[in-house]
Amino acid sequence: MTRARFARTIATMSRRPFVGGNWKMNTDLATGVALAQAIDSRWNQSQDAVDVVLFPPFPYLQAVGRAMSGGVVSLGAQDLSSEANGALTGEVSAEMLTDVGVTWVLVGHSERRHKLCEPNSVVADKFAMAIESGLSVVLCVGETQAERSAGQANHVVGRQLKSAFERVSPESLAKIVIAYEPVWAIGTGVVATPHDAEEAHQEIRGFIGSRYDPELAAGIRIVYGGSLAPGHAKTLFSVPGVDGGLVGGASLQANDFLSICSSAMIGIVAG
Ligand code: 13P
C-alpha cells in the first residue's frame, strides 16, 4: 500500500474513541466512590459512542465497580503482575483483577517505567499476561524530555513498542489501545502540540503497520496522554490519528473528566 493510500485508509477508518481516567495514587474510598458515581450517572447511554474507563487504585476497585451501575463506564486497574500466582508479596494477578470485575488494565505507565524502574522486558511480560488473561489493555509508551532533546524520541518509543509487541498475535490487537504519553507532558501542564501528537501517533501506527499490516494499523486505537484538560481536549482529539486520551489530574474532577469524554465524540471518525 502506498503512503498516500495508507493515509486515506486511516482517515476513513472508524475507530471508537477511548478515554481513560487514571487516578494514580489519589482519592480515598469515599471520594473515589463519589467520583465514580458522578461520572457513571452522568455519562449515559446516549453518549455510549466512546469507551470510558476508570482506573482507581487497587484497594478501591470493587467499591468503585459497584458504584458504577450504568454499565457504560468500565473498570480498569493501573497495573498487574506478570505472573499468574505464587509467592510474590504485594503483587496482584490478572485473575484477581478479573475476579473483582476489572476488564481493562494499564501496562507500562511512565511512572512505573521511570519511578519504579520497570524495564521494557517486564512491561512486555505484563502485556503478554494481560492479553493471555483476556483483559483489554492500554499499553503506555513515551519518551522523556532528555530523550526528545537528543532526537531520540522515535527510537525510544520504537524500542518500547518492539519489545512489547514481540509476542502479540494479530488477533489480539482489537483488545489493545496504545497510549502515547510523552513523559515531559505528564503532570507538567505542558501539552504536546497537535503537530507533535500527530507525528508521534503516525510513527506508532507506522510501527504497527510494519509489524503486522496496514489494515490492522489503521484499526488500532492510539490515544494521547499528558496534561489533558477540558480547554484543549477537543483540539487534540481532532488531530488525525488521535483516538482519545488517557487523563491523569483532570480525571479526579467529574466535570472536567466528563467534558474531556464529550470532546472525544468529535473523533468518532478519525481523520
Ligand atoms: P496528567 O493528565 O496528570 O498529566 O497525567 C497523564 C497520565 O499520566 C495519564 O496516565
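As shown above, the structure is provided for reference.
Just so it is clear, the model here is predicted, and its values are computed rather than measured. The numbers attached to residues start from 1 for each chain and follow its sequence in the written order. Local features in a predicted model are, by the rule used here, given only for residues with pLDDT of at least 70; side-chain atom pairs are given and counted only at 80 or more, and totals for whole chains, interfaces and linings are based on all residues. Excluding hydrogens and water, the side-chain figures rest on all heavy atoms present in the structure.

Student: For this particular structure, what's the right way to read the sheet that holds strand 2 (residues 51-55)?
Tutor: Strand pairing in a sheet is mediated by backbone hydrogen bonds. Such pairs are either parallel or antiparallel. Strand pairing follows a simple DSSP-based rule, namely that at least 2 bridges must link the two strands. In this description a helix means any DSSP run of H or I spanning at least four residues, a strand means any run of E spanning at least two, and both kinds are numbered starting from the N terminus. Here eight strands make up a closed barrel; going around it, the order is 1-2-3-4-5-6-7-8 and the pairing parallel. Strand-to-strand twist in this sheet, taken as the mean axis angle between neighbours without regard to direction, amounts to 25°. Each of strand 5 (136-141) and strand 6 (176-180) touches helix 8 (residues 153-165); the most contacted strand, strand 5, lies at about 150° to it. Note on geometry: axes are C-alpha line fits, over the in-contact stretch for helices, and angles between N-to-C directions span 0 to 180 degrees. By definition, residues are in contact when any of their heavy atoms lie within 4.5 Å.

Student: Whenever I open this one, the nonpolar core confuses me. Can you help?
Tutor: Generally speaking, soluble globular proteins have nonpolar side chains that are buried together. Only buried residues count toward a nonpolar core. Its members are Ala, Val, Leu, Ile, Met, Phe, Trp, Tyr and Cys residues joined through side-chain atoms within 4.5 Å. Relative accessibility thresholds used throughout: buried, under 20% of the residue-type maximum; exposed, over 50%; partly exposed, between the two (1.4 Å probe, protein chains only). Among the nonpolar cores identified, the biggest contains 70 residues, and Phe127, Phe165 and Ile178 are the most heavily contacted of them. When residues no more than four places from it in sequence are discounted, the contact partners of Ile178 are Leu139, Val141, Leu161, Phe165, Ile204, Ile208, Ile220, Arg221, Ile222 and Val223. Grouped together as the second largest cluster of nonpolar side chains are eleven residues, Phe55, Leu106, Cys140 and Leu246 included.

Student: Just checking my understanding: could you explain the packing of aromatic side chains for this structure?
Tutor: Remark: the centre distance and the inter-plane angle together describe each pair of aromatic rings, the angle taken between the planes. Aromatic rings from Phe, Tyr and Trp, taking only the six-membered ring of Trp, are treated as a pair when their centres fall within 6.5 Å; an angle between ring planes under 30 degrees marks them as stacked, one over 60 as edge-to-face, and anything in between as tilted. Counted under the stated rule, the structure contains four aromatic pairs. Their ring planes at 80° and their centres at 6.2 Å tell us that Phe165 and Tyr212 sit as a pair that is edge-to-face. One end of the pair, Phe165, is in helix 8; the other, Tyr212, is in the loop between helix 9 (194-211) and helix 10 (214-219), with 47 residues separating them in the sequence. For the pair Phe165 and Tyr212, a shared accessibility class is recorded, and that class is buried. One aromatic cluster is present, built from ring pairs that chain together Phe127, Phe165, Phe207 and Tyr212.

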